[in-house]
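Fold and contact review
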Amino acid sequence: MGKFLKYILLIVFISIVSLYLLDTLYTKVYSNAVPRNKTQFILSLEEGETIDYVFLGSSRVENFIMSSEIERITGKRVLNLGTQGARLDDINIFLRLLVSKKVKIKRMFVQVDYIYNFDWNSEIVRTQVLPFITGNSVIQDYFHKVDEDFNINYYIPFYRYATSDFRLGFRELVASAVGKKPKINLYDGFSPLSGQMNADDINGFDLPKTILERNRNIEEMVAICKDSGVELTFFCAPFCSNLNSNNYLEKLKMKLPNFTDLSRVLTKPSMFKNCGHVNEKGAKVFTDTIISRFNL
């Protein structure tokens, strides 16, 4: 019986040590690798550097704003930090990380539409920041407030990697370790879409009929930008002409300071991939609209 217990204890000991070693290995690789997502890119920025215009949002920023076009016309430095599936919770942590790096931002643009109704983070960005939950105080403090699994992710070694294997598993680890670059040029941040919706496409887009009474992330972002001296502008990117707004954007105007509704500035179906996303042609026209509308 004694030998059996010793054997069990040995197995437990080896398992715990292995988990700690794996956790250390994964975290070290993700912390030192060439950035493969926009969270890593933000963390790689030099402390105190200056960026003239930063665009934050979901795919309706990533696929809409051509940073290189704005830089070419204005001569200013521009970052598109739009991320697929991002919500205001994710945008908030991006802003907090930029401020913690003491990045000097002259003007920040945040795209807001129906995501105003979502007061929690997305799975995509959540997994992007998980490797840094034990080493970055901003991420740690933030997740302590918003993540119900914080204690498990923080205190149990390798748990966060095991449960997010589809995004942080061995394949991504190897890609990061060998310095494989992402498909998107993170220094630009724009990801073009090809193809177009048919002119007779009746599959429009319905915005919500009701709006959240308040969104704490908006309130926090407004306060952070005010304290940091960052000019903050909210806007809504274009939808196709088949949009059924349900007066949602009118309600949104009442919630957001300095909000510009650009949901209907593009009307040609040839500029859209689908009702909620423009193709590369539409992105070029919309980017030029942004430049002129906001006097960039």
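Sequence order as written defines residue numbering, which begins from 1 separately in each chain. This being a predicted model, a pLDDT of at least 70 is required before a residue's local features are given, and a value of 80 or more before pairs of side-chain atoms are given or counted; all residues contribute to the totals for chains, interfaces and linings. Based on all heavy atoms of the structure, the side-chain values leave hydrogens and waters out of the count.

**Let's talk about the overall build of the chain**
Starting at the N terminus, helices and strands are each numbered in turn, a helix being any DSSP run of H or I of at least four residues and a strand any DSSP run of E of at least two. When helices and strands are tallied, the chain shows 14 helices and 9 strands. Structurally, the chain occupies a C-alpha span of about 75 × 40 × 35 Å along its principal axes. Each residue is assigned to one of three classes by its accessible area relative to the maximum for its type, calculated with a 1.4 Å probe on protein chains only: buried under 20%, partly exposed between the two thresholds, exposed over 50%. Looking at the 296 residues of the chain, the share that counts as buried comes to 49%. Whether two residues are in contact is decided by their heavy atoms: any pair within 4.5 Å suffices. Partitioning the intrachain contacts of the chain with sequence separation of at least 6 by distance along the chain shows that 82% fall at a separation of at least 24. Carbon and sulfur atoms make up 54% of the accessible area of the chain, which totals about 14800 Å². For the charge count, each Lys or Arg is scored as positive and each Asp or Glu as negative, with His and the chain ends excluded. For charged residues, the charge sits on one atom: NZ in Lys, CZ in Arg, CG in Asp, CD in Glu. In the chain, the 37 positive side-chain charges and the 32 negative ones have mean positions that sit 3 Å from each other. Where accessible areas are quoted, they stem from the Shrake-Rupley method and a 1.4 Å probe; at the residue level, only the protein chains shown are allowed to cover.

**Topic: the pairing of strand β3 (residues 104-111)**
For β3, a buried count of 6 out of 8 residues is recorded, marking the element as mostly surrounded by other parts of the structure. Criterion used throughout: strands pair if DSSP finds at least two bridges between them. Pairing of strand β1 (residues 50-56) with β3, which is carried by 6 bridges, proceeds in the parallel orientation. Each bridged residue has a counterpart across the sheet, and for F55 the counterpart in β3 is F109. Bridging between β3 and strand β5 (residues 231-236) involves 5 bridges; their strand directions are parallel.

**Some remarks on the packing of helix α4 (residues 67-74) against helix α14 (residues 280-293)**
Their axes nearest at 9 Å, the elements α4 and α14 cross at an angle of 45°. In terms of axis orientation, α4 runs oblique to α14. Seen along the crossing, α4 lies across α14 with a hand that is right-handed. Facing α4, whose interface residues are E69, I70, I73 and T74, α14 presents K284, T287, D288 and I291. Residue classes follow a fixed rule: Ala, Val, Leu, Ile, Met, Phe, Trp, Tyr, Cys and Pro count as nonpolar, while Asp, Glu, Lys and Arg count as charged, and any other residue, Gly among them, counts as polar. For the contact of α4 with α14, the residue count by class is 3 nonpolar, 2 polar and 3 charged. Each axis is a line fitted through C-alpha atoms, and for a helix only the stretch in contact is used; angles between axes span 0 to 180 degrees, taken between their N-to-C directions. Here the angle decides the label: under 35 degrees means roughly parallel, over 145 means roughly antiparallel, 65 to 115 means roughly perpendicular, and every other value means oblique. Each crossing gets its hand from how the near helix is turned against the far one by less than a right angle, where anticlockwise is left-handed and clockwise is right-handed.

**Description of the UniProt feature "transmembrane region" (unreviewed entry) in the chain**
UniProt positions are given in the numbering used here, feature names are shortened, and annotations may be inferred rather than shown by experiment. Per the UniProt annotation, the sites labelled "transmembrane region" (unreviewed entry) are residues 7-26. Here residues 7-26 is 100% helix and 0% strand, with 28 Å between the C-alpha atoms at its ends.

**Focus: the sheet that holds β5**
Spatially, the 5 strands line up as an open sheet ordered β2-β1-β3-β5-β7, and their pairing is parallel. The sheet is open, and its two edges are formed by β2 (78-80) and β7 (259-261), each paired on a single side. For this sheet the average axis-to-axis angle between neighbouring strands, irrespective of direction, equals 20°. Packing of helix α12 (residues 216-228) onto the sheet brings it into contact with β3 and β5, and relative to β5 it is tilted by some 145°.

**So, the state of the cysteines**
The definition used for a disulfide is geometric: two cysteine sulfur atoms within 2.5 Å. Counted by the stated rule, this structure contains 1 disulfide. Put simply, C240 and C275 are joined by a disulfide, and their sulfur atoms are 2.0 Å apart. On the sign convention where negative is left-handed, the bridge of C240 and C275, at about -80° about the S-S bond, is left-handed. In this pair, C240 sits in the loop between β5 and β6 (243-244) while C275 sits in the loop between β8 (272-274) and β9 (277-278), placing the two residues 35 residues apart along the sequence. Given the relative accessible area of 3%, C240 is considered buried.

**A short note on the packing of aromatic side chains**
The aromatic pairing rule takes the rings of Phe, Tyr and Trp, using the six-membered ring of Trp, and pairs them if the centres are within 6.5 Å, calling planes under 30 degrees apart stacked, those over 60 edge-to-face and the rest tilted. Summed over the entire model, instances satisfying the criterion amount to 18 aromatic pairs. Ring centres of F158 and Y161 lie 5.8 Å apart, and the angle between their planes is 40°; on these two criteria the pair is classed as tilted. By relative accessible area, which is 13% here, F158 ends up buried. Each member of the aromatic cluster is reached from another via a ring pair, and the members are Y53, F55, F64, F109, F235, F286 and F294. Geometry around F239 places R60 over its ring, the cationic atom sitting 3.8 Å from the centre. Whether a charge sits over a ring depends on NZ of Lys or CZ of Arg being within 6 Å of the ring centre and within 35 degrees of the ring normal.

**A look at the nonpolar core**
Counting 57 residues, the largest nonpolar core has V54, L81, L88, L98, M108, V110 and V112 as the members making the most contacts within it. Among the elements that take part in this core, helix α5 (residues 88-100) stands out by supplying 7 residues, more than any other. V61, I65, F286 and I291 belong to the second largest nonpolar core, which has 26 residues in total. By convention a nonpolar core is built from buried Ala, Val, Leu, Ile, Met, Phe, Trp, Tyr and Cys residues, the set being connected through side-chain atoms within 4.5 Å.

**Thoughts on the pattern of salt bridges**
In the sections that follow, a salt bridge refers to a side-chain nitrogen of Lys or Arg positioned within 4 Å of a carboxyl oxygen of Asp or Glu. Considering all chains together, one arrives at 15 salt bridges under this definition. The salt bridge involving D288 is made with K284; its shortest N-O contact spans 2.7 Å. With D288 and K284 both in helix α14, this residue pair falls 4 residues apart, about one helical turn. Overall, the relative accessible area of 26% leaves D288 in the partly exposed class.

**Considering the environment of E172**
With respect to the secondary-structure elements, E172 resides in helix α11 (residues 170-177). Spatially, the C-alpha atom of E172 lies 9.3 Å from that of R36, the residues being 136 residues apart in sequence. In this structure E172 touches Y30, R36 and R167, once residues within four positions along its chain are discounted.

**Some points on a nonpolar patch on the surface**
On the surface, a nonpolar cluster with roughly 770 Å² of combined accessible area is contributed by F4, L5, Y7, I8, I11, V12, I16 and Y20. Within the fold, Y20 resides in helix α1 (residues 2-32). A patch is a set of surface residues, each over 30% in relative accessible area and not in a salt bridge, joined within 9 Å for like charges and within 5 Å for the nonpolar side chains Val, Leu, Ile, Met, Phe, Trp and Tyr.

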